[in-house]
Number of protein chains: 2
Amino acid sequence: MKIAILGFGTIGTGVYEIISTYKAKSLADVEVVKVLDLPQNKDKLDIITDNYDDILQDKSIDCVVETMGGLHPAYEFITAAMKAKKHVVTANKAVVAKYMEEFIALALENKVRFLFEASTGGGIPWIASLEKAKRVDDISELYGIFNGTSNYILDAMTNQGKDFDEVLKKAQELGYAEADPSADIDGYDVQNKVVISSAVAYNTKINMEDFPCYSLRTINSIDINYFKKLNRTIKYIGEAVVNHTGYEAYVMPNALANDTVEANVNSNFNIATLYGQSIGPLKFYGQGAGKLPTANAIVQDILDIQSPIGSLIDFSNKLAYQPTQENVYVIRSTNTVDMTNIETKEEFEGQTYYTTKPMVASTLVELVKSIDDSQAFVAKLAAFKG
Amino acid sequence: MKIAILGFGTIGTGVYEIISTYKAKSLADVEVVKVLDLPQNKDKLDIITDNYDDILQDKSIDCVVETMGGLHPAYEFITAAMKAKKHVVTANKAVVAKYMEEFIALALENKVRFLFEASTGGGIPWIASLEKAKRVDDISELYGIFNGTSNYILDAMTNQGKDFDEVLKKAQELGYAEADPSADIDGYDVQNKVVISSAVAYNTKINMEDFPCYSLRTINSIDINYFKKLNRTIKYIGEAVVNHTGYEAYVMPNALANDTVEANVNSNFNIATLYGQSIGPLKFYGQGAGKLPTANAIVQDILDIQSPIGSLIDFSNKLAYQPTQENVYVIRSTNTVDMTNIETKEEFEGQTYYTTKPMVASTLVELVKSIDDSQAFVAKLAAFKG
C-alpha cells in the first residue's frame with residue numbers, strides 16, 4: 001500500500017513517523033511515497049512535493065491521507081483523489097461533517113474507500129466501533145466528551161480552582177487551544193462530531209443548525225462551585241438520540257453526578273458511549289487529539305482499507321429534529337426570567353441560579369431566548385448511569 | 001454462513017435469538033442450522049440434535065459456536081470441529097486460557113479461524129481492540145475490572161453499606177453469582193482473562209500459577225470504610241505488564257482514588273485498559289456478562305471470520321514472571337506482622353491495617369505468607385491515572 005500525505009504539520013508528521021519507524025508486521029507493506037507541503041518546506045524531505053498533480057497522476061499511490069484541515073482546498077483535494085481512484089483517509093472533521101454525503105457517494109462510484117476515524121474522538125476507535133455495533137444492533141443513543149481542549153479547561157477549573165480565562169490562556173500556551181478558541185469552547189467542533197457520529201450510527205444526515213448548542217465560554221468558577229455543592233461536575237457533552245418521531249441532539253454543558261464515569265474523565269481525554277439493543281452501553285475512552293493518537297487512528301484506517309467494515313452509511317434514514325425527552329436544566333443569569341417553567345430560584349455567592357421544571361429542549365431554547373443574556377450559563381442536569 | 005451452536009443455555013439461546021430475529025443487513029447471510037443439546041430438550045426446537053456427529057459430518061456447517069463452558073467435553077468438541085475444517089467461536093474462558101496454544105495451532109493447520117471475543121469482557125470488544133491496537137503499537141500494559149459478579153458485590157458494599165455475605169446471597173438469588181462463587185470471588189475467572197488478554201496483547205503464554213492472586217472473599221464492611229476514609233474505593237483488578245526482564249501480573253483488590261474512572265465503574269459492568277506506544281491509554285467499558293451482551297460478542301466474532309483481524313497470536317514472546325514495579329500495599333490481619341517493611345500500622349474500628357513500604361510483588365507474597373492468616377485482606381494502593 002503506497003500512501004501520499006497531504007499536509008505535513010503535527011498530524012501529517014505523526015503519520016509519517018509511525019509508518020516509517022514502527023516495527024509492527026502489519027505496517028511492513030505500507031509506505032509513504034509522497035508528501036504535499038508548501039514550496040518553502042520542499043527541502044525537509046526528498047518525497048515532498050508542492051504540486052498535487054504529482055500525487056494524482058502517480059498511479060502507484062493507492063491512498064491519499066488528508067491532514068490539512070479546513071474546508072478548502074481539502075474538499076477539492078479529497079474529491080480529486082477519489083476521482084483518480086485513490087482511497088482517502090482524513091482527520092478533518094469540518095470537511096467530513098459538511099460534505100460526507102457527497103464523499104461517500106463518490107467513494108462508492110469510484111470503488112474506493114473513504115475513512116475518517118481520526119475525525120471524531122482522535123485516537124479512540126469510535127467510528128469503527130459504531131460501524132461494528134450496527135452490524136448487529138440498532139443503535140439508539142450516543143453521547144460523549146468529544147473535545148479535549150474544553151475538557152482540559154473544565155478539569156483545571158474543577159480540580160485546581162482556576163478561572164476560565166486563566167486556564168484558556170494556559171491551554172493556548174501549551175498548544176491545546178488555538179489562538180481563536182471558538183471551535184473548541186463555543187461547540188462547533190463538537191457539533192461536527194455529533195453530525196459525523198450520527199451519520200455512522202443512524203444512517204442519517206442531521207443538520208447542526210437544527211439542534212441547540214450552548215457555549216462553554218460563559219462558565220465561571222462560581223458556577224463550578226454551585227454544582228460542586230450539588231455533588232455534580234460540569235462536562236461539555238454532545239449527544240444524539242433517535243426517538244419515535246425523529247431524533248434529538250444537543251451540545252451543552254452537563255452537570256453530571258460526581259460518581260459517574262464521565263465526571264471522572266479528566267485532562268484532555270475524551271469518552272464516547274453508544275447504546276445498542278443487545279450490547280447495552282459501550283464506552284470508549286482515550287486521547288481525543290494529539291499528534292500520535294490521531295496519527296494512530298489514521299494508520300488504523302489505512303490498515304482497514306481491506307476490511308469489510310467502514311463507511312457503511314447509506315443515509316437512507318431521514319430523521320427530523322423532534323425533541324421529546326423531558327430534562328431538567330439549570331440557568332444562571334442576571335436578567336429577568338419568566339418563572340412559569342422554573343421549579344426553584346437560588347442565590348449562590350452573588351449569582352442567581354434557576355432550575356427548570358422537566359421540559360423538552362425546544363422549550364428550553366425558547367426560555368433561554370426570552371432571557372436574552374449573552375453571559376447566561378446553561379447546563380443540563382444529566383442522569384447518565386452506566 | 002451456516003452455524004451450529006453447542007449448548008443451548010443462556011448464551012446459546014442468546015446467539016440463536018440475535019441471529020434469528022435481528023434485522024441488521026450483515027446478519028442476513030448467517031443462519032443457525034443445528035443446535036447440540038441434551039436428549040430431553042430435543043423437542044424444544046426442530047434443529048436440536050443430541051449427537052455431535054450430526055454437526056461434524058454436516059459439510060454445510062461453516063462454524064461451530066461453543067457455549068457449553070467447562071473444560072470437557074468443550075476441549076474435545078472444539079478440536080474435533082477444527083479438524084473437520086469448521087471455524088470455532090467460543091465464550092469459554094477456562095478452556096481458552098488452558099488450551100489456547102493448541103487451539104490456535106490447530107486453527108492454522110486446518111486453515112480455519114478460532115475466535116474468543118466473548119471469553120473476556122463479555123460484550124466489550126476487548127480482544128478485537130487488543131488485536132487492532134497491536135497492528136500499530138507495542139502494547140506495554142493492560143488492566144481492568146474483568147469480573148462483573150465481584151464488581152456487583154463491591155458496589156453494593158460501597159454504595160449501600162451492605163456486608164459481603166448478604167450481597168453474595170443476593171447476587172446468587174439474582175443469578176449473577178453461581179452456587180459455588182469461587183471462580184468469581186477467589187480470582188480464578190480473572191486469572192483466565194489476564195492469561196487470555198496477555199496472549200493477545202503480548203504474543204505470550206503466561207502461567208497463572210506464577211503470578212499472585214488474592215481473593216476478594218475476606219473483605220468486610222470495615223475494610224470498605226477504612227479505604228473510604230482515605231478517599232479510595234476497592235475494585236477487584238487483574239493486570240499484566242511487560243517490563244525489561246519479562247512480565248508481571250496479579251489479580252487482587254485495588255484501593256483506587258475515588259476520582260479515577262475505574263472507581264466509578266459500578267454494578268456488574270467491566271472496564272479494560274490497554275497502553276500502546278502511540279495511542280496511549282484506551283479504555284473499553286460495557287457489560288462483562290449476561291445473555292445478550294455475551295451473545296453479541298459471539299455474533300461479532302462470526303461476522304469477523306472473514307476479517308483479517310483476529311487470533312494473530314504466535315506465542316513467539318517467551319516471558320518469565322519477573323516483578324520489578326514497586327507498589328504500596330495495605331494488609332489487614334489479626335496475626336503478628338513482621339514490621340521490617342511496614343511503613344505505618346493503624347487501628348480502625350477494631351481492625352489493624354498495615355501499610356507497606358514500596359515493594360515488588362514477590363516481597364509482598366513472602367510477607368503475606370509469613371503472616372499466615374487465611375482471613376487477611378490484601379489490597380494494592382493503586383495510582384492509575386488516565
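Residues numbered from 1 in each chain as written. Chains lettered and ligands numbered in written order. Predicted model: local features only at pLDDT ≥ 70, side-chain atom pairs only at ≥ 80, totals over all residues. Heavy atoms only, no water.

- For chain A, an unreviewed UniProt entry supplies the name Homoserine dehydrogenase and the organism Breznakia blatticola.
- In its Sequence similarities (unreviewed entry) section, the UniProt entry covering chain A states "Belongs to the homoserine dehydrogenase family." (UniProt positions renumbered as here; feature names shortened; annotations may be inferred.)

**Quick look at the pattern of salt bridges**
Piece 1. This model, assessed by the stated rule, comprises 34 salt bridges over all chains.
Piece 2. The partner of B:Lys34 in a salt bridge is B:Asp58, with the nearest N and O atoms 3.0 Å apart. Remark: B:Asp58 occurs in the loop between helix 2 (52-56) and strand 4 (63-66) and B:Lys34 occurs in strand 2 (residues 31-36); sequence separation between them is 24 residues.
Piece 3. Through salt bridges that share partners, A:Lys93, A:Asp189 and A:Lys193 make up one connected network. (Salt bridge = Lys/Arg side-chain N within 4 Å of Asp/Glu carboxyl O. Helix = DSSP H or I, 4+ residues; strand = E, 2+ residues; numbered from the N terminus.)

**Things to note about the UniProt feature "domain: Aspartate/homoserine dehydrogenase NAD-binding" (unreviewed entry) in chain A**
Piece 1. Mapped onto this numbering, the UniProt entry gives "domain: Aspartate/homoserine dehydrogenase NAD-binding" (unreviewed entry) at residues 7-117 of chain A.
Piece 2. End C-alpha to end C-alpha, residues 7-117 of chain A measures 18 Å, and it is 40% helix and 16% strand.

**Some remarks on the relation of the copies chain B and chain A**
Piece 1. Expressed as a screw operation, the relation of chain B to chain A combines 0.0 Å of axial shift with a rotation of 180 degrees, fitting to an RMSD of 0.0 Å. The transformation just described matches what one would write down for a two-fold rotation axis. (Least-squares fit on C-alpha atoms with pLDDT ≥ 70 in both.)

**Structural notes on the pairing of strand 5 (residues 87-90) of chain B**
All names here are of chain B.
Piece 1. Burial of strand 5 is two-sided: the residues His 87 and Val 89 facing one way and the residues Val 88 and Thr 90 facing the other way are all buried.
Piece 2. Strand direction decides the pairing type here: strand 4 and strand 5, joined by four bridges, are parallel. Each residue of the ladder has a partner; that of Glu 66, found in strand 5, is Thr 90.
Piece 3. Taking the sense of rotation as the criterion, the β-α-β connection linking strand 4, helix 3 (residues 74-83) and strand 5 turns out right-handed.
Piece 4. Regarding the hand of the β-α-β motif, the stretch spanning strand 5, helix 4 (residues 93-109) and strand 6 (residues 114-115) is right-handed. (Buried < 20%, exposed > 50% of the residue type's maximum accessible area, 1.4 Å probe, protein only. Pairing = 2+ DSSP bridges. Right-handed = clockwise from strand over helix to strand, strands pointing away.)

**Things to note about the domain arrangement of chain A**
Residues and elements named next belong to chain A.
Piece 1. Domain assignment breaks chain A into domain 1 (2-115) and domain 2 (128-287 + 316-381).
Piece 2. Computed over C-alpha atoms only, the centres of domain 1 and domain 2 are separated by 33 Å.
Piece 3. Tallying the contact residues gives seven residues for domain 1 and eight residues for domain 2.
Piece 4. The largest contributions to the domain 1 side of the interface with domain 2 come from Lys 93, Ala 97 and Met 100, which together make up 71% of the buried area.
Piece 5. Linking domain 1 to domain 2 there are two salt bridges.
Piece 6. Lys 93 is the partner of Asp 189 in a salt bridge, and the nearest nitrogen-oxygen pair spans 3.3 Å.
Piece 7. Joining domain 1 to domain 2, the criterion identifies two residue pairs in polar contact (both at pLDDT 80 or more).
Piece 8. Class assignment of the residues belonging to the side of domain 1 that touches domain 2 gives a composition of four nonpolar, no polar and three charged. (Domains from an automatic or database assignment. Contact = heavy atoms within 4.5 Å. Buried area = accessible area lost by both parts, 1.4 Å probe. Polar contact = N/O pair within 3.5 Å; in protein donor to acceptor, adjacent residues only side chain to side chain. Nonpolar A, V, L, I, M, F, W, Y, C, P; charged D, E, K, R; others polar.)

**Examining the sheet that holds strand 1 (residues 2-6) of chain A**
All names here are of chain A.
Piece 1. Read across the open sheet, the six strands follow the order 3-2-1-4-5-6; overall the sheet is parallel. Lying at the two open borders of the sheet, with one neighbouring strand each, are strand 3 (48-49) and strand 6 (114-115).
Piece 2. Bridge count between strand 1 and strand 4 (residues 63-66): four bridges; the pairing is parallel. Among the inter-strand pairings, Ile 5 is bridged to a residue of strand 4, identified as Val 65.
Piece 3. Set on the sheet, helix 1 (residues 10-21) makes contact with strand 1 and strand 2 (31-36); between it and strand 1 the angle comes to about 155 degrees. (Axes fitted to C-alpha atoms, helices over the stretch in contact; angles between N-to-C directions.)

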